[in-house]
Amino acid sequence: MEIKKILENGYFDLHLHTTASDGSFSPSEVVKMAAQKGLVTIAITDHDTTDGIQEALQTARTLNVTVIQGIELSTKYKGKNIDILGYYIHESIELSGVLQKMREHRFNRSQLIVNKFCELGMAITLDDVQKYSKGDVIARPHIAKAVVDKGYAKNTQEVFDLYLGDGKPCAADKMVLSPNEGITLIHNAGGIAVLAHPLLIQDNSLVEELMQLSFDGIEVWHRKHRKEDIIRYKNLAKKYNILMTGGSDFHNEEHTIGEFGFEL
């Protein structure tokens, strides 16, 4: 089936987050929402965890939806956050070990960020944050929601703009891998590695440099990619003979499952 027909039909979405990381809906809810949209193939790609996959697979058995076992790994290169989508991954001792270390670091980082907010006179606790963290992964959006809930900001975007964004007063580094380490981890787990939302890297020459690594694909379609971006990443995919993927990067009700960019 041609990509154009797939996109027009809203046939798939290969970038979805659940409450296992920083999504607002459970894996079961995400699968049901995808089915209601008429999607046939989806990928659960939570940040640095595979905890939501089994629930999604179980729900999908009763619906006409195929769930690809995925992940979105956090990596860093030349000071830039480089997210890597892994598809068709399988559990392994190596993958489980690295994800456990990342989970532990995220927890410690969350406590550090909470302390920074308290030092600025915004009294929040880790318990306040965990009300929004329904899985094992505590992420910055959970902290932002706690700050808003306490009345210290109007909305979560304001929290990121003033306090939580990179370089802001309450920011703290998370444990990240290098892109090579992330790709190798995905390959060793039997998966394929795809560069996620290249536009967000905000450096076309760096994206081109990353293509020299052993990526299997690039996310051409994304809800933040415009037509000129899609043309650029299509050309890169053709140049390096790698896969083209697309997804909504769905997290919450502000995003729409199955809608991500334009077909040319």
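Thresholds, definitions, all that
- Residues numbered from 1 in each chain as written.
- Predicted model: local features only at pLDDT ≥ 70, side-chain atom pairs only at ≥ 80, totals over all residues.
- Heavy atoms only, no water.
- Phe/Tyr/Trp six-rings, centres within 6.5 Å; stacked < 30°, edge-to-face > 60°.
- Helix = DSSP H or I, 4+ residues; strand = E, 2+ residues; numbered from the N terminus.
- Buried < 20%, exposed > 50% of the residue type's maximum accessible area, 1.4 Å probe, protein only.
- Lys NZ or Arg CZ within 6 Å of the ring centre and 35° of its normal.
- Pairing = 2+ DSSP bridges.
- Right-handed = clockwise from strand over helix to strand, strands pointing away.
- Axes fitted to C-alpha atoms, helices over the stretch in contact; angles between N-to-C directions.
- Parallel < 35°, antiparallel > 145°, perpendicular 65-115°, else oblique.
- Left-handed = near helix turned anticlockwise from the far one by under 90°.
- Contact = heavy atoms within 4.5 Å.
- Nonpolar A, V, L, I, M, F, W, Y, C, P; charged D, E, K, R; others polar.
- 1 Å grid on protein atoms, 1.4 Å probe; cavity = no way out; pocket = protein on both sides within 12 Å on 5 of 7 lines; lining within 4 Å.
- Points joined across faces, edges and corners; volume = space filled by probe spheres on them.
- pLDDT = per-residue confidence, 0-100.
- Disulfide = S-S within 2.5 Å.
- Salt bridge = Lys/Arg side-chain N within 4 Å of Asp/Glu carboxyl O.

## Some thoughts on the packing of aromatic side chains
In this description, a pair of aromatic rings is defined by centroid distance and the angle of the planes. Here the structure, examined in full by the defined rule, presents three aromatic pairs. Note on phenylalanine 25 and phenylalanine 250: the rings are 5.9 Å apart at their centroids and 25° apart in plane angle, and the pair reads as stacked. Placement of phenylalanine 25 in the loop between strand 1 (12-16) and helix 2 (27-36) and of phenylalanine 250 in the segment after strand 7 (243-247) is noted, with a sequence separation of 225 residues between them. Accessibility expressed as a relative area gives 1% for phenylalanine 250, which makes it buried. Directly above the ring of tyrosine 233 sits arginine 232, whose terminal nitrogen or CZ lies 5.5 Å from the centroid.

## Things to note about the pairing of strand 5 (residues 192-195)
Pairing geometry for strand 4 (residues 80-87) and strand 5, over four bridges, is antiparallel. Looking at the pairing, isoleucine 84 lines up with leucine 195 of strand 5. Sheet topology places strand 5 next to strand 6 (residues 217-222); two bridges connect them, and they run parallel. Bridge pairing in strand 6 places leucine 195 opposite isoleucine 218. For the handedness criterion, the β-α-β arrangement of strand 5, helix 9 (residues 204-210) and strand 6 is classed as right-handed.

## Describing the packing of helix 4 (residues 93-119) against helix 6 (residues 140-149)
The packing of two helices is summarised by the inter-axis angle and the distance between the axes. The contact between helix 4 and helix 6 brings their axes to 11 Å, and the two run at 30°. By the angle class used here, helix 4 and helix 6 are roughly parallel. Here helix 4 and helix 6 pass one another in a crossing that is right-handed. Here Arg109, Ser110, Ile113 and Phe117 of helix 4 lie close against helix 6, whose contacting residues are Arg140, Ile143 and Val147. For the contact of helix 4 with helix 6, the per-class residue count stands at four nonpolar, one polar and two charged.

## Remarks on empty space enclosed by the protein
Tallied over the entire structure, the rule returns one cavity of 30 Å³ or more. Of the voids in this model, the largest cavity is the one considered here, and its volume is about 30 Å³. If you trace the largest cavity, you find it lined by Asp48, Met102, His105, Arg106, Lys174 and Met175. The class makeup of the residues in the lining of the largest cavity is two nonpolar, one polar and three charged.

## A short note on the pairing of strand 1
A large share of strand 1 lies buried, amounting to five of its five residues. In terms of strand pairing, strand 1 meets strand 2 (residues 41-44) through three bridges, oriented parallel. Its bridge partner lying in strand 2, aspartate 13 is registered against isoleucine 42. In this fold, strand 1 hands off to helix 2, which returns the chain to strand 2; that crossover is right-handed.

## Let's talk about the confidence of the model for the protein
Confidence in the prediction of the protein, expressed as mean pLDDT, is 91, and 94% of residues score 70 or more. Confidence over residues 1-7 falls short of pLDDT 50; this stretch has 11 contacts with residues more than four positions distant or in other chains.

## With respect to the state of the cysteines
Tallying each qualifying case throughout the model produces zero disulfides. With no disulfide of its own, cysteine 118 lies 9.2 Å from the sulfur of cysteine 170, the closest cysteine sulfur.

## Section: the pattern of salt bridges
Summed over the entire model, instances satisfying the criterion amount to 10 salt bridges. Here aspartate 48 and arginine 106 are joined by a salt bridge, their closest N and O atoms 2.8 Å apart. Of the two residues, aspartate 48 is situated in the loop between strand 2 and helix 3 (53-60) and arginine 106 in helix 4; the sequence distance between them amounts to 58 residues. Per residue, the accessibility class of aspartate 48 equals that of arginine 106, and both read buried. In this structure, aspartate 128 and lysine 150 form a salt bridge, with 3.7 Å as the shortest nitrogen-oxygen distance. One end of the pair, aspartate 128, is in helix 5 (residues 126-130); the other, lysine 150, is in the loop between helix 6 and helix 7 (156-164), with 22 residues separating them in the sequence.

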